[in-house]
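Reading the structure
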Amino acid sequence: MKPSRFFSALASLLFLAVCAYAGAALYRRTDSVETFAAGTVTVTESLRLDGIALRREKLLTDMRILPGVEDGRRISANETLAEDRSGAELTTGETAVFFADTDGFEYLSPDALYGAGEKELVKLLSAAPKRAARTAGRLVSGFDWYYAAFAESSAPGLEPGDCRIIFDGFDDCADAQLIRSANLGDGRQALLLRLTEGGADYLRLRRTGATLILSEYSGLKLPQAALRQEPDGTYFVYTLSAGTVGRRSAELIYTGDGFCLAEPGTAGDTLREGETVILSGKDIYEGKVLMQWE
């Protein structure tokens, strides 16, 4: 082959390679899409509280606790607990839990809560401790106890009923019952909750903050940009599997700031966890084959 023909053929091959590369790059730009994997998240709406716990308590003063009665021990009904200075024995009339510590709030009785109005709740929440001399501990009895608290009045109106609450320092929710709530007109609400959660840690609570769970949603998190809407108002998303665009219906259960949660599906046309969802792309439609270039 003559040199001129050789260089001509080489130039032609280089030209074709450049065209192929440019075409591939163009194809890549045309079919480039932004995707993400649909994963399950939980969104919780809550309200911060600051309050005080009240229980049926008896302050033990001017007496000696008998050996073997340890802090946090459950005392059976009619069990001998202590003796006074004269040696007379103190027995419990009902099952109770003994605590060696006192905080001066033992005088606050839950009985005062029945029929209490807004003023009584505010007075209760502003109560100061009353320290007694020669205290030997306290007895906590009864299956239920109460938590009165302040909350911001900007929170949505709360209806009495079952709820869940997490006290500061605890990891798990406690079941509770909201008895009443009142708007105080000064930027706060007063709440009263009833609880039956046992255990020494809960029975030691007094002045404490807490988080009231208002609602909780668990679903597949989707950016709102990924949603497409049908004329009838239903939603769907485009998915990508083996380079082919698919379509999945999305039943929304929660809408937040820039995102929403969809109910995880089990049917073939509903979105499932782990599927690749298309967030953005040009000329996307069901059945389209996308060329992915590394």
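Residues numbered from 1 in each chain as written. Predicted model: local features only at pLDDT ≥ 70, side-chain atom pairs only at ≥ 80, totals over all residues. Heavy atoms only, no water.

**Topic: the nonpolar core**
With 25 residues, the main nonpolar core has Leu49, Ile165 and Leu193 as its most contacted residues. Every element with two or more residues in this core is listed here: β2 (40–61), β7 (96–99), β8 (135–152), β9 (161–167), β10 (174–183), β11 (188–195), α3 (200–203) and β12 (207–223). In terms of residue count, the dominant contributor to this core is β8 (five residues). Residues in contact with leucine 193, not counting those within four places in the same chain, are Leu49, Trp145, Tyr146, Tyr147, Cys163, Ala176, Gln177, Leu178, Ile179 and Leu212. By size, the runner-up hydrophobic cluster in this structure holds 15 residues, among which are Ile52, Leu125, Tyr146 and Leu192. (Core = buried A, V, L, I, M, F, W, Y, C linked by side-chain atoms within 4.5 Å. Buried < 20%, exposed > 50% of the residue type's maximum accessible area, 1.4 Å probe, protein only. Helix = DSSP H or I, 4+ residues; strand = E, 2+ residues; numbered from the N terminus. Contact = heavy atoms within 4.5 Å.)

**Some details on the pairing of strand β17 (residues 259–262)**
Burial along β17 is two-sided: Phe259 and Leu261 facing one way and Cys260 and Ala262 facing the other are all buried. Pairing geometry for strand β16 (residues 252–255) and β17, over three bridges, is antiparallel. Opposite leucine 252, over in β17, you have alanine 262 as the bridge partner. Hairpin remark: β16 followed by β17, antiparallel, with three residues in the connecting loop; positive phi at glycine 258, about 85 degrees. (Pairing = 2+ DSSP bridges.)

**A few points about the side chain of threonine 270**
Looking at where threonine 270 falls in the secondary structure, it is placed in the loop between β17 and β18 (276–280). In this structure, threonine 270 is in contact with Arg248, Ser249, Gly265 and Glu275, ignoring residues within four places of it in sequence.

**Describing the packing of aromatic side chains**
Both the distance between ring centres and the angle between the ring planes are used here to describe each pair of aromatic rings. A full pass over the atoms with the stated rule returns eight aromatic pairs. The ring of phenylalanine 259 has lysine 221 sitting right over it, with the charged end atom 4.9 Å from the ring centre. Positioned above the aromatic ring of phenylalanine 236, the side-chain terminus of arginine 247 is 3.7 Å from the ring centre. (Phe/Tyr/Trp six-rings, centres within 6.5 Å; stacked < 30°, edge-to-face > 60°. Lys NZ or Arg CZ within 6 Å of the ring centre and 35° of its normal.)

**Describing the confidence of the model for the protein chain**
Model confidence for the protein chain is summarised by a mean pLDDT of 84, while 86% of its residues fall at 70 or above. Taken together, the stretch residues 13–30 has pLDDT below 50 and engages in six contacts with residues farther than four places along the chain or on a different chain. (pLDDT = per-residue confidence, 0-100.)

**Notes on the sheet that holds strand β5 (residues 80–84)**
Taken in spatial order, the three strands line up as β3-β5-β6 in an open sheet, and their pairing is antiparallel. Two strands bound the open sheet, and with one partner strand each, they are β3 (63–65) and β6 (89–91). Within this sheet the neighbouring strands show an average axis-to-axis angle of 35 degrees, counted without direction. (Axes fitted to C-alpha atoms, helices over the stretch in contact; angles between N-to-C directions.)

**Some words on the pairing of strand β15 (residues 244–250)**
Consecutive side chains of a regular strand alternate in pointing toward one face of the sheet and then the other. Bridge count between strand β14 (residues 235–241) and β15: seven bridges; the pairing is antiparallel. The residue of β15 that forms the bridge with leucine 240 is valine 245. Adjacent in sequence and paired antiparallel, β14 and β15 are bridged by two residues, among which alanine 242 carries a positive phi angle near 55 degrees.

**What to know about the side chain of threonine 211**
Considering the arrangement of structural elements, one finds threonine 211 in strand β12. Of the residues examined, threonine 211 reaches a relative accessible area of 18% and is grouped as buried. At 3.0 Å, the side chain of threonine 211 forms a polar contact with the side chain of arginine 48. Excluding residues that lie within four positions of it along the chain, threonine 211 makes contacts with Ser46, Leu47, Arg48, Arg164, Ile165 and Ile166. (Polar contact = N/O pair within 3.5 Å; in protein donor to acceptor, adjacent residues only side chain to side chain.)

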